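Observations on the three-dimensional arrangement
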Amino acid sequence: MGAEYGRSDSTESRLSRWLRRRPKDAPGAGADRLGLLLATAAAKLPLAPAAYPAGYRCSCERVGCPTPARHPVSFAWQTQSTTDRAQIERWAQGQPEANFITATGMVHDVLDVPLAAGRQALERLLAEGVEVGPVAESGGVGDQARMLFFTATRGTPEDEDEWWPCELDCHPETMDEHPGLRWHCRGSYVLVPPARLPGEHEVSWVRGPEHALPEPLTLLEALTDAIARHGAADAHAVAWPLGR
């Protein structure tokens, strides 16, 4: 489903550009959405329904929603998240406007960086022959424009003794505290493509979910270097994971 980054001069995949260009109400748009969601679930990334934009507001109707169209619809999203094809089809068909999140820290983590820094880091990683997994772009203004690098998880509740505490850990309620690198692991989530955001912004794949998940530490140096160059974070504030 996802197109390979680097096969054209553009920093977006052909699939991403096509999704942006296609009218939202075009025939078959729902099937395309479902196909992308099922491809993500087939890659073992657990999904759950999320809010969606209602004009410039959030479908949750909460006054002053801090993350419009970017949060799950259920407080039980961690236990609700699934890769079950039938359940995802029911959700997608029953909630045709809903975005979807993937719960991190079970199968995968996500390294979430400012968009400009992420594009530079991705170019460097591919040029160096580093195995890069799925990558998505999330549109927005300022710090909301992000690039998401999907990686293997560094720990799960089953191997608690091996859990690595890290100051870069990002939970939904602390995202504003991490304008540079955000490391989504256990207890966090990110939107998965295709997702719509307020202001006609979107979340789309640059490299699709069919790519194998890499170890996060193989990407971290390139990401932190790119962030430092773009002034998105002080290089001395970077905290490397520490083993217990």
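Refer to the structure above for everything that follows.
Below you will find a few notes about this structure.

Cut-offs applied
Residues numbered from 1 in each chain as written. Predicted model: local features only at pLDDT ≥ 70, side-chain atom pairs only at ≥ 80, totals over all residues. Heavy atoms only, no water. Helix = DSSP H or I, 4+ residues; strand = E, 2+ residues; numbered from the N terminus. Buried < 20%, exposed > 50% of the residue type's maximum accessible area, 1.4 Å probe, protein only. Phe/Tyr/Trp six-rings, centres within 6.5 Å; stacked < 30°, edge-to-face > 60°. Pairing = 2+ DSSP bridges. Axes fitted to C-alpha atoms, helices over the stretch in contact; angles between N-to-C directions. Contact = heavy atoms within 4.5 Å. Expected span 1.5 Å × (residues − 1). Arc of directions from axis to C-beta. Parallel < 35°, antiparallel > 145°, perpendicular 65-115°, else oblique. Left-handed = near helix turned anticlockwise from the far one by under 90°. Nonpolar A, V, L, I, M, F, W, Y, C, P; charged D, E, K, R; others polar. Core = buried A, V, L, I, M, F, W, Y, C linked by side-chain atoms within 4.5 Å.

**A short note on the environment of Leu 36**
Here Leu 36 shows up in helix H2 (residues 29–42). Using a relative accessible area of 4% as the deciding quantity, one classes Leu 36 as buried. Distance from Leu 36 to Pro 193, taken between C-alpha atoms, is 7.2 Å for residues 157 residues apart in sequence.

**Details of the packing of aromatic side chains**
Aromatic ring pairs are defined here through the distance separating the ring centres and the angle between the ring planes. Counting across every chain of the model gives three aromatic pairs. When the centroid spacing of 6.4 Å and the interplanar angle of 50° are considered together, the rings of Trp 91 and Phe 100 count as tilted. A relative accessible area of 11% means that Trp 91 is categorised as buried.

**Considerations on the sheet that holds strand S11 (residues 201–207)**
The six strands lie next to each other as S8-S5-S7-S6-S11-S10, forming an open sheet whose pairing is antiparallel. Two strands bound the open sheet, and with one partner strand each, they are strand S8 (182–184) and strand S10 (195–197). On average, each strand axis in the sheet is inclined to that of its neighbour by 25°, with strand direction left out of account. Along the sheet face, helix H5 (residues 115–127) touches strand S5 (108–114), strand S6 (135–138), strand S7 (146–152) and S11 and points at about 45° away from the line of S7. Across the sheet, helix H6 (residues 217–229) touches S5, S7 and S8, and the angle it forms with S5 is around 15°.

**A word on H5**
An ideal rise of 1.5 Å per residue puts 18 Å on 13 residues; H5 measures up with 18 Å between its terminal C-alpha atoms. Considered for burial, the residues of H5 that qualify are Leu 115, Ala 117, Gly 118, Ala 121, Leu 122 and Leu 125. The arc enclosing the buried residues of H5, seen along the axis, measures out at 150°, which places them on a common side. For H5, exposure combined with an orientation more than 90 degrees from the buried face picks out Glu 123 and Ala 127. Buried residues along H5 sit against S5, S6, S7, S11 and H6.

**Quick word on the sheet that holds strand S9 (residues 189–192)**
Here three strands make up an open sheet; going across it, the order is S1-S4-S9 and the pairing antiparallel. The outermost strands of the open sheet, each flanked by one partner alone, are strand S1 (47–50) and S9. Neighbour-to-neighbour, the strand axes of the sheet open up by a mean angle of 40°, direction not taken into account. This element, helix H4 (residues 85–94), spans S1 and strand S4 (99–103) of the sheet and lies at about 10° to S1.

**A few points about H4**
For H4, the complete set of buried residues consists of Ile 88, Trp 91 and Ala 92. Across the axial projection of H4, the buried residues extend over an arc of 95°, all falling on one side. Facing away from the buried side of H4 by over 90 degrees, the exposed positions are Arg 90, Gln 93 and Gly 94.

**Side note on the packing of H5 against H6**
The contact between H5 and H6 brings their axes to 8 Å, and the two run at 135°. As the angle between them shows, H5 and H6 are arranged oblique. The handedness of the crossing between H5 and H6 is right-handed. For the pair H5 and H6, contact is made by Ala 117, Gln 120, Ala 121, Arg 124 and Leu 125 and by Thr 218, Leu 219, Glu 221, Ala 222, Leu 223, Asp 225, Ala 226, Ile 227 and Arg 229, respectively. Of the residues that constitute the contact of H5 with H6, the class distribution is eight nonpolar, two polar and four charged.

**What to know about the nonpolar core**
Of all hydrophobic cores here, the largest spans 22 residues; its most connected members are Met 147 and Phe 149. Secondary structure elements with two or more residues in this core: S5, H5, S7 and H6. Per element, the largest residue contribution to this core is six residues, and it comes from H6. Leave out the neighbours within four places in its chain, and Met 147 touches Leu 111, Asp 112, Val 113, Pro 114, Leu 115, Gly 118, Arg 119, Leu 122, Val 135, Ala 136, Glu 137 and Val 206. Ala 48, Val 110, Leu 197 and Val 203 belong to the second largest nonpolar core, which has 18 residues in total.

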